[in-house]
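One letter stands for each residue in the lines below.
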Amino acid sequence: MSRAFVNEDSGGWAVPGRFGLPARDDPSFDREAARALIEAAREGNTGSAEAATGYLWGEPRLHRHVRRILKDAEAAGEDERLIRLTKRFLG
């Protein structure tokens, strides 16, 4: 994992439930896991999302969901940080 996405001063990882993830066998889990990873990186707390989702930053299995987040962010004129993070996730 890139050190750029770790907030060592955060005081620890957040409780996994804070991400509101569905059950792992739910068809929407990967989509929501991708969103959780991106949002956590935005807050400088990627480690919490990795622990909650079981996926590491850049997980290829989530790329299609992150591409959708990127497309939606660009269409909505979202802030540049979100767009940069999605592009970094995709490598």
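Relevant structure appears above.
Residues numbered from 1 in each chain as written. Predicted model: local features only at pLDDT ≥ 70, side-chain atom pairs only at ≥ 80, totals over all residues. Heavy atoms only, no water.

Peer 1: Account for the overall build of the protein chain, with residues named and values stated.
Peer 2: Counting its secondary structure elements, the protein chain contains four helices and zero strands. Taken from the N to the C terminus, the helices and strands of the protein chain come in the order α-α-α-α. Within the protein chain, buried positions represent 38% of all 91 residues. Residue pairs in contact within the protein chain that sit at least 24 positions apart in sequence constitute 62% of those at least 6 positions apart. Per element, the accessible surface of the protein chain, about 5,400 Å² overall, is 47% carbon and sulfur. (Helix = DSSP H or I, 4+ residues; strand = E, 2+ residues; numbered from the N terminus. Buried < 20%, exposed > 50% of the residue type's maximum accessible area, 1.4 Å probe, protein only. Contact = heavy atoms within 4.5 Å. Areas by Shrake-Rupley, 256 points an atom, 1.4 Å probe, with all protein chains shown as cover.)

Peer 1: How would you explain the pattern of salt bridges if you had to name every residue and give the values?
Peer 2: Under the criterion given, the structure shown has six salt bridges. In this structure, the salt-bridge partner of aspartate 79 is arginine 42, at a minimum N-O distance of 2.0 Å. With aspartate 79 in the loop between helix H3 (63-76) and helix H4 (80-90) and arginine 42 in helix H1 (residues 29-42), this residue pair connects regions lying 37 residues apart in the sequence. Of the charged contacts, one joins glutamate 74 and lysine 87 as a salt bridge, the two residues approaching to 4.0 Å between their closest N and O atoms. With glutamate 74 in helix H3 and lysine 87 in helix H4, this residue pair connects regions lying 13 residues apart in the sequence. (Salt bridge = Lys/Arg side-chain N within 4 Å of Asp/Glu carboxyl O.)

Peer 1: Help me get a handle on the nonpolar core, residues and values and all.
Peer 2: Grouped together as the largest cluster of nonpolar side chains are 22 residues, with contacts concentrated most on Phe19, Leu37, Ile38, Tyr55, Trp57, Leu62 and Phe89. Put simply, the parts of the chain that give this core at least two residues each are H1, helix H2 (46-53), H3 and H4. With eight residues, the single largest contributor to this core is H1. Ignoring any residue separated from it by four or fewer positions in sequence, one finds phenylalanine 89 in contact with Leu37, Ile38, Trp57, Gly58, Glu59, Leu62, His63 and Val66. (Core = buried A, V, L, I, M, F, W, Y, C linked by side-chain atoms within 4.5 Å.)

Peer 1: Could you give me a rundown of the side chain of histidine 63, with the residues and numbers involved?
Peer 2: By the element assignment, histidine 63 lies in helix H3. Given the relative accessible area of 17%, histidine 63 is considered buried. Once you skip the residues sitting within four places of it in the chain, histidine 63 turns out to touch Gly58, Phe89 and Leu90.

Peer 1: Go over the packing of aromatic side chains, please, and point to the residues and values.
Peer 2: Both the distance between ring centres and the angle between the ring planes are used here to describe each pair of aromatic rings. Overall, the coordinates contain two aromatic pairs when judged by the stated rule. Taking 6.4 Å as the distance between ring centres and 40 degrees as the angle between the ring planes, the aromatic pair formed by phenylalanine 29 and tyrosine 55 counts as tilted. With a gap of 26 residues between them, phenylalanine 29 in helix H1 and tyrosine 55 in the loop between H2 and H3 connect regions that are remote in the sequence. Each member of the pair, phenylalanine 29 together with tyrosine 55, is buried. Considering the side-chain rings of tryptophan 57 and phenylalanine 89, the 4.9 Å spacing of their centres and the 75 degrees angle between planes classify their relative orientation as edge-to-face. With tryptophan 57 in the loop between H2 and H3 and phenylalanine 89 in helix H4, this pair connects stretches of sequence that are 32 residues apart. Phenylalanine 89 matches tryptophan 57 in its accessibility class, with the two residues each being buried. (Phe/Tyr/Trp six-rings, centres within 6.5 Å; stacked < 30°, edge-to-face > 60°.)

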